[in-house]
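# A structural walkthrough
Each chain, written out:
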Amino acid sequence: MMFKKTIPLALASVVALSASSSAVAFIPQTSSSIISNRPIALRSTIEGDTDAILPAFETKDEYTAYLQKAGKLPDGFAVGTAKGTFVSVEAPALGPLPIKATVIHLTEGPAESWAAVFTSNRFPGCPVKVGKARLAEGKPIQALVINNKVSNVCPGGDGVAAAESVCAAVAEKLNLAGGASSVIPSSTGVIGWRLPAKELAEDVVPRAIEALQSDSAYSAAEAIMTTDRYPKLRSKTLSNGVRIVGVAKGAGMIEPNMATMLGYLMTDAKIKRDSLQAMLTEACNKSFNSISIDGDESTSDTVVAIASGLKDLDSEDEFKEALFEVCEGLSADLVRNGEGTGHVIRVNISNFPGSEYDARRMGRHLVNSPLVKCAISGNDPNTGRIAGAIGSFMGKFFPTESVDKMSLTLGGRTIFNNGQFVLEGDAVEKELSGHMADAQLGEHDDFPKHQKFVEIGVDFGGEGSNVIVLGSDLTKEYVNVNADYRS
């Protein structure tokens, strides 16, 4: 086998089963979720699915081959992509700039069952406005169109009309009976620029439609990227053959609230729309809302789940677990692929004296601390910064709650207990620094070499909420990327 497996002990029996049998089984074994510390039922990973925890990869080609193999589309879907160029009205001196369009088409007819969650940013992109209107109308959807490079947020001119014109071009080219209202648009990229609607509608989108194919979602995972260093794709097949495939993009402006950056989940399951919406909302709260790269919520955050309805669903519980696994995997991939990310931080919060929502807020406060981020970037176990960030949050938002029983761990070693740090000697210092160094990634890596984390545990004692939050460190590369983003 060309991939190096990095599988936690809790998963070993499940993966061993899949290696010895080609059957697909729903296995009611429980373990902690990668993201949310929620007990999940683990299924065997079959060939053609991504692993719940990705293997280690030696080369970009290995990673690409793995995703391509796992990217088989569910029945009833086709995707197509195309490249083009445009000149920004706002910054013409930059000259011709590249832009990509992606079209996802439901080949067997419009879908009654689809769900979406959008950003809560008060300056949402025009495609978000259109998407929210489509969701409120509740009409069937038969296509999605996504462009990168320009986010169509608060532009000069009529951004909603521009987004609708691209939808109309998709509907006309595909001869959709529902017209433009059966198409959901998404845009990502520079904020404030006008969408090059003419170039998209007349050139790039028609060529993307001509390139439609029903084999793999991998091309869509590639085409929706902006500053992403590599594509993100997750897939899962249920015991009766129902399939879920998800792709996502996002590397900066990532602290979602009620959505992801851009994410698209495709399934051939026959499922009621209300059930799909409820599952998607919960999945987003447990995954994408539990991550942060830089603390900035995007104006374009969108996640859409759409079902072709071509296969009966034997178990909604099994479907829900698979949907959660796909979303949790994609959210972890987004953090690992963050702009300039050198370490992924995983904070396991136990017994927080408040709601899960507030526990996630505290986790994001911790991973967003510039001092904590910089210390981890340098493999410096400056543990006082961790305690300081937690104390700052509790003092501001939970000033009456006791922290006397709080304990902290780093890399599994207790570093704080009963109001005192437990740090004794050079050996401990080297151990903690070594834990960080072992989880380090290359800031310029164009594939994920491993799935390791800098592990921080925060236990408040007693009883309370349990969550897991992911974050990233802060490196010079993050500054370099965002100092020269538009070009």
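All of the points below concern the structure found in this document. Given the structure is predicted, the values throughout are model-derived calculations rather than measurements. (Residues numbered from 1 in each chain as written. Predicted model: local features only at pLDDT ≥ 70, side-chain atom pairs only at ≥ 80, totals over all residues. Heavy atoms only, no water.)

### Quick look at the sheet that holds strand β9 (residues 243-249)
What the five strands build is an open sheet, ordered β5-β12-β10-β9-β8; its pairing is mixed. The open sheet is flanked by β5 (114-118) and β8 (232-237), the only strands paired with a single partner. The sheet shows a mean angle of 10 degrees between the axes of neighbouring strands, direction not considered. Taken together, the seven bridges between strand β10 (residues 262-269) and strand β12 (residues 302-311) define a ladder with parallel strand orientation. From the neighbouring strand, Leu262 faces β12, where its bridge partner is Thr302. This element, helix α8 (residues 316-336), spans β8, β9 and β10 of the sheet and lies at about 165 degrees to β8. (Pairing = 2+ DSSP bridges. Helix = DSSP H or I, 4+ residues; strand = E, 2+ residues; numbered from the N terminus. Axes fitted to C-alpha atoms, helices over the stretch in contact; angles between N-to-C directions. Contact = heavy atoms within 4.5 Å.)

### Quick word on the pattern of salt bridges
Summed over the entire model, instances satisfying the criterion amount to 21 salt bridges. For the salt bridge of Asp203 with Arg207, the shortest nitrogen-to-oxygen distance reads 2.9 Å. Of this pair, Asp203 and Arg207 both sit in helix α5 (residues 197-210), four residues apart, which is roughly one turn of that helix. For Arg207, a relative accessible area of 32% translates into the label partly exposed. A salt bridge links Lys286 to Glu356; the nearest nitrogen and oxygen atoms lie 2.7 Å apart. Here Glu356 lies in helix α9 (residues 356-367) and Lys286 lies in helix α7 (residues 273-286), a separation of 70 residues in the sequence. Overall, the relative accessible area of 14% leaves Lys286 in the buried class. (Salt bridge = Lys/Arg side-chain N within 4 Å of Asp/Glu carboxyl O. Buried < 20%, exposed > 50% of the residue type's maximum accessible area, 1.4 Å probe, protein only.)

### A closer look at the environment of Ala163
As for its position among the elements, Ala163 is in helix α4 (residues 159-174). For Ala163, a relative accessible area of 2% puts it in the buried group. In the structure, Ala163 is positioned 23 residues away from Ser186 in sequence and 8.3 Å away in space, judged by C-alpha atoms. If near-sequence neighbours (up to four positions away) are discounted, Ala163 is found in contact with Val130, Asn152, Pro185 and Leu195.

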